[in-house]
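What the coordinates show
The residues making up each chain are set out below.
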Amino acid sequence: QGGHAHQLTHENPGHVLAFRLDAAGTAPAPHSIERTVGVEDRALDEAAARRGQSLYVVHCLRCHGARAASSGVYPDLRFSTAAIHEMWQEIVREGMFEAGGMARFDDVLSQDEVNDVHAYVIAEALNSQSWLTRLTGVAADSICIPAEWLAD
């Protein structure tokens, strides 16, 4: 269900390394992961975020992880860029990234529901910046919680 990618400090850019015992080279250095929240801290519609949480659990959690914290296989939505936030409807409803594997949801989610999911993701992104959330997240990520429990 994800949740451990935020503990990683480097990304795997897809290198396949071969080793030779008498080689004189060095392996390429891994790239650091830059974790920044692409939205400004602002007042959110808390009712929309609560509605969005329920929708997120049903439609998004299986790929993007609990509380929008991805395992690293799929994008961690909490750290989406400002440009991604601006294109949210096009991505989720219109299938902008469908060729890359991101499903479109225009057949099951209305524009308002997508806005609610977006509000939930923004709330999680802003919440992920707090030191208390980061501290308790380390303990919580060590415990396996069934996805069904997260809907409540």
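Predicted model, so just to flag it, every value in this text is computed and none were measured. (Residues numbered from 1 in each chain as written. Predicted model: local features only at pLDDT ≥ 70, side-chain atom pairs only at ≥ 80, totals over all residues. Heavy atoms only, no water.)

**Describing the overall build of the protein**
- Within the protein one finds six helices and two strands.
- When the helices and strands of the protein are read in sequence order from the N terminus, they spell out β-β-α-α-α-α-α-α.
- Counting all 152 residues of the protein, 30% fall into the buried class.
- Contacts spanning at least 24 positions in sequence make up 62% of the contacts within the protein whose residues lie at least 6 apart.
- Counting only carbon and sulfur atoms, one obtains 55% of the accessible surface of the protein, whose full area is about 10,300 Å². (Helix = DSSP H or I, 4+ residues; strand = E, 2+ residues; numbered from the N terminus. Buried < 20%, exposed > 50% of the residue type's maximum accessible area, 1.4 Å probe, protein only. Contact = heavy atoms within 4.5 Å. Areas by Shrake-Rupley, 256 points an atom, 1.4 Å probe, with all protein chains shown as cover.)

**A look at unusual backbone geometry**
- Although it is not a glycine, R67 adopts a positive phi angle of roughly 55 degrees.
- On the secondary structure map, R67 appears in the loop between α2 (61-64) and α3 (82-86).
- Judged by relative accessible area, R67 falls into the partly exposed class, the value being 46%.
- The backbone phi angle of A68 is positive, close to 65 degrees, even though this residue is not glycine.
- The topology assignment puts A68 in the loop between α2 and α3.
- The class for A68 is buried, based on a relative accessible area of 0%.

**A look at the pattern of salt bridges**
- A complete count under the given rule lists six salt bridges for this structure.
- Of the charged contacts in the structure, one is a salt bridge between E124 and R67, with a shortest N-O distance of 3.1 Å. One end of the pair, E124, is in helix α5 (residues 111-128); the other, R67, is in the loop between α2 and α3, and 57 residues separate them in sequence.
- The salt bridge involving E98 is made with R104; its shortest N-O contact spans 3.8 Å.
- Under the relative-accessibility criterion, E98 is labelled partly exposed at 40%.
- A relative accessible area of 33% means that R104 is categorised as partly exposed.
- Connected via shared salt-bridge partners are E98, R104 and D106. (Salt bridge = Lys/Arg side-chain N within 4 Å of Asp/Glu carboxyl O.)

**Remarks on α5**
- The end-to-end C-alpha distance of α5 is 26 Å, a good match for the 26 Å that 18 residues give at a rise of 1.5 Å each.
- For α5, the full list of buried residues reads V114, D116, V117, H118, A119, Y120, V121, I122, E124, A125, L126 and S128. (Expected span 1.5 Å × (residues − 1).)

**Section: helix α1 (residues 46-59)**
- Here α1 contains 14 residues, and its C-alpha end-to-end distance of 20 Å stays within 8% of the 20 Å for a straight helix at 1.5 Å per residue.
- Burial in α1 covers these residues: A48, A49, G52, L55, Y56, V57 and H59.
- Where α1 is buried, its residues touch α2 and α5.
- Put simply, D45 is the residue that caps the front of α1, since its side-chain oxygen is 3.1 Å from the backbone nitrogen of A47. (Polar contact = N/O pair within 3.5 Å; in protein donor to acceptor, adjacent residues only side chain to side chain.)

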